[in-house]
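Structural characterization, general
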Amino acid sequence: MKGRQIILDHLGTREAAALMVDGQLHDLLIDADAPRPGTIYRARAMKPVKGQGGMFLETPDGNAFLKQVKGIAPGDMMTVQLTGYAEEGKALPVTGKLLFKSRYAIVTPDAPGLNISRQIRDDDRRDTLMMIAKDEMQGLDMGLILRSSCEDAADEDIAEDLRAMVDLAQTVVGETGNTPETLTEGDGPHVLAWRDWVEPADVVTEAGSFDSHGVLEAIDALKNAYVRLAGGASLYIEPTRALTAVDVNTGADGSFAAGTRANFACAKDLPRQLRLRGLGGQITIDLAPMPKKDRRGFEAALKSALKADGIDTVLAGFTPLGHYELQRKRARLPLTELLTRLDA
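Below, the structure is looked at part by part. (Residues numbered from 1 in each chain as written. Predicted model: local features only at pLDDT ≥ 70, side-chain atom pairs only at ≥ 80, totals over all residues. Heavy atoms only, no water.)

Now for the overall build of the protein chain. Each helix and strand counted, the protein chain has eight helices and 20 strands in total. Principal-axis analysis of the C-alpha atoms gives the protein chain an extent of 65 × 50 × 45 Å. Counting over 344 residues, the protein chain shows a buried share of 43%. The contacts of the protein chain with a sequence gap of at least 6 include a subset with a gap of at least 24, amounting to 63%. As presented, the protein chain carries roughly 18500 Å² of accessible surface, and 49% of it is formed by carbon and sulfur atoms. Across the protein chain, 41 positive and 50 negative side-chain charges occur, with their mean positions spaced 8 Å apart. (Helix = DSSP H or I, 4+ residues; strand = E, 2+ residues; numbered from the N terminus. Buried < 20%, exposed > 50% of the residue type's maximum accessible area, 1.4 Å probe, protein only. Contact = heavy atoms within 4.5 Å. Areas by Shrake-Rupley, 256 points an atom, 1.4 Å probe, with all protein chains shown as cover. Lys, Arg positive; Asp, Glu negative; His and termini not counted. Charge placed at Lys NZ, Arg CZ, Asp CG, Glu CD.)

Take the packing of aromatic side chains next. Inspection of every chain in the model, using the stated rule, returns five aromatic pairs. If you follow Arg295 out to its NZ or CZ, it ends over the ring of Phe318, 4.4 Å from the centre. (Phe/Tyr/Trp six-rings, centres within 6.5 Å; stacked < 30°, edge-to-face > 60°. Lys NZ or Arg CZ within 6 Å of the ring centre and 35° of its normal.)

It is worth spelling out the pairing of strand 18 (residues 281–286) at this point. Bridge count for strand 17 (residues 244–249) against strand 18 is four bridges, and the pairing is parallel. Looking at strand 18, one finds that Thr244 is bridged to Ile283. Running through helix 6 (residues 258–277), the crossover from strand 17 to the neighbouring parallel element strand 18 is right-handed. As judged from the five bridges shared by strand 18 and strand 20 (residues 324–328), these two strands associate in the antiparallel manner. Pairing of Gly281 across the sheet is with Arg328, part of strand 20. (Pairing = 2+ DSSP bridges. Right-handed = clockwise from strand over helix to strand, strands pointing away.)

With that out of the way, let us pick up helix 7 (residues 295–307). Between its first and last C-alpha atoms helix 7 spans 18 Å; for 13 residues at 1.5 Å apiece the expected length is 18 Å, and the two agree. Within the span of helix 7, buried status applies to Phe298, Leu302, Ala305 and Leu306. The buried residues of helix 7 all sit within an arc of 100 degrees when viewed along its axis, so they share a single face. Structural note: helix 7 exposes Arg296, Lys303 and Lys307 on the side pointing more than 90 degrees away from its buried face. Packed against the buried residues of helix 7 are helix 6, strand 18, strand 19 (313–318) and strand 20. (Expected span 1.5 Å × (residues − 1). Arc of directions from axis to C-beta.)

Attention now goes to the sheet that holds strand 12 (residues 143–146). Reading across the sheet, the four strands line up as 9-10-12-11 and stay open at both edges, with mixed pairing between neighbours. At either end of the open sheet lies a strand with only one pairing partner, and these are strand 9 (100–101) and strand 11 (113–116). The pairing of strand 10 (residues 105–108) with strand 12 spans four bridges and is classified as antiparallel. Residue pairing across strands places Val107 opposite Leu144, the latter belonging to strand 12.

In structure tokens form, the structure reads like this:
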């Protein structure tokens, strides 16, 4: 099926959302038992970690770890936000820089200033958006970023969304207390879909839509390490305890350029595969053989694909053995882990 579809349904009792683009699963969100990223806590400082410049904090959901701590003593109360999912046996990753993010606006209490997405280039539209920002933020000691989705949105919808985020930010920042507390929870899959999948799409909300629109079939395919690529090439994506290994194969193509073509196909599809599978941490790619002169092109193609991905990923580069390494934020739980909990 051509076009974009946002499908809101459930997997078992868990809320879930899928984005289909031209009949292919492009993104998938499934609610988990773990605290949602974006959750904001009032936390108590416990003890600094020598040599790491960080500190453990007490929250209602367990211990958290805050980096780059200055001027904070054990026992102090502070407001922090969950940035991702914790690795097994490790503390929750949090930051002291709060973001209140919605479809059109991001309010930044700790970073004053009015900003508009650079993707909006029309000067008249930028002027209109700046007037909205100044009107709504007048007298407030908070910062604001108007997102690219504002370009084609109605002015009143933007203003209403902005006011809601400002009200939430003021409420949370104004909270006081001397015990750890959850001040606001992160967004679930259906709200995240509305917030982040902003390009025009048909929205499907009927129960059982995952089955009728091919989402369940696509999820079953993700249980397999094998991924078919264009031109007959393929990937094997296999998570281990230490890292995720990605093996690129040329298939039946025995031509001189087969390795280069397979590697470029990998660069194009790998971010989507990692996103759908919820894989982060260290990623090591065992590339197909290709001339060294093509390495720069491969890296540029991968960088371009990751830019559109939206999950922070550091390109570490080539190893002496010719592998390529990435370091990816653990923004999601592994799909296999979520599906295992569904089946339990």
